[in-house]
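Structure assessment
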Amino acid sequence: MVAGLINANPIVYEKKERRPRTGSVVLEDEYAVESIDHMVVFSLTFLHHIRDIKDPEHPYSLEDLKVITEDAIEVDDKRSYVRVTFTPTVEHCSMATVIGLCLRVKLMRSLPSRYKVDIRVAPGTHATEAAVNKQLNDKERVAAALENPNLVDMVDDCLAPSFE
């Protein structure tokens, strides 16, 4: 976690109940493309969920802090497109790019490579929203960030399962 807290007393919200995915179809062909919706992205049925990504500053998940919500995920399976919009806890959050990078890395590791992932800060929720959005969706900047071992360690810490 980070030494100097930007938001020393964040509001912690109650988590939504985990719902099993409905309408799951058993694929006859193991090579067939499985459709993905916003619930799959929010509650990725892989190792753990994007809802469980830990905040870089606090011992809470992004869902606990309402940084990420189920409603903030858009999926267009036909166009292989996923957009995740997150809301930093404070307007001047210095960890917004790290949070966005954590979301991007989790989705890169979990979703099929055919998906284009778009990570955004919710409009009007961050002082440098345009700069953060540009940085999070620039392939070269993301690749450069993932070459920084300290940043990769921070991302991996946020993505590590908490076993709550």
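This text goes with the structure placed above it.
What counts, and where the lines are drawn
Residues numbered from 1 in each chain as written. Predicted model: local features only at pLDDT ≥ 70, side-chain atom pairs only at ≥ 80, totals over all residues. Heavy atoms only, no water. Helix = DSSP H or I, 4+ residues; strand = E, 2+ residues; numbered from the N terminus. Buried < 20%, exposed > 50% of the residue type's maximum accessible area, 1.4 Å probe, protein only. Contact = heavy atoms within 4.5 Å. Axes fitted to C-alpha atoms, helices over the stretch in contact; angles between N-to-C directions. Parallel < 35°, antiparallel > 145°, perpendicular 65-115°, else oblique. Nonpolar A, V, L, I, M, F, W, Y, C, P; charged D, E, K, R; others polar. Polar contact = N/O pair within 3.5 Å; in protein donor to acceptor, adjacent residues only side chain to side chain.

1. So, the overall build of the chain
Broken down by element type, the chain carries 5 helices and 3 strands. When the helices and strands of the chain are listed from N to C terminus, the series reads α-β-β-α-β-α-α-α. Counting the 164 residues in the chain, one finds 42% classified as buried. Restricting the contact set of the chain to residue pairs at least 6 apart, pairs at least 24 apart contribute 67%.

2. Section: the packing of helix H2 (residues 96-110) against helix H5 (residues 149-159)
Running from N to C, H2 and H5 cross one another at 70°; their axes reach a closest spacing of 10 Å. In this view, H2 runs roughly perpendicular relative to H5, as classed from their interaxial angle. Contact residues: Val98, Leu101, Cys102, Val105, Lys106 and Arg109 in H2; Leu151, Met154, Val155, Asp156, Cys158 and Leu159 in H5. Its residues placed into classes, the contact of H2 with H5 shows 9 nonpolar, no polar and 3 charged.

3. Remarks on the side chain of serine 61
Structurally, serine 61 can be placed in the loop between helix H1 (38-42) and strand S1 (73-76). In this structure the side chain of serine 61 is engaged in a polar contact, spanning 3.0 Å, whose partner is the backbone nitrogen of aspartate 64.

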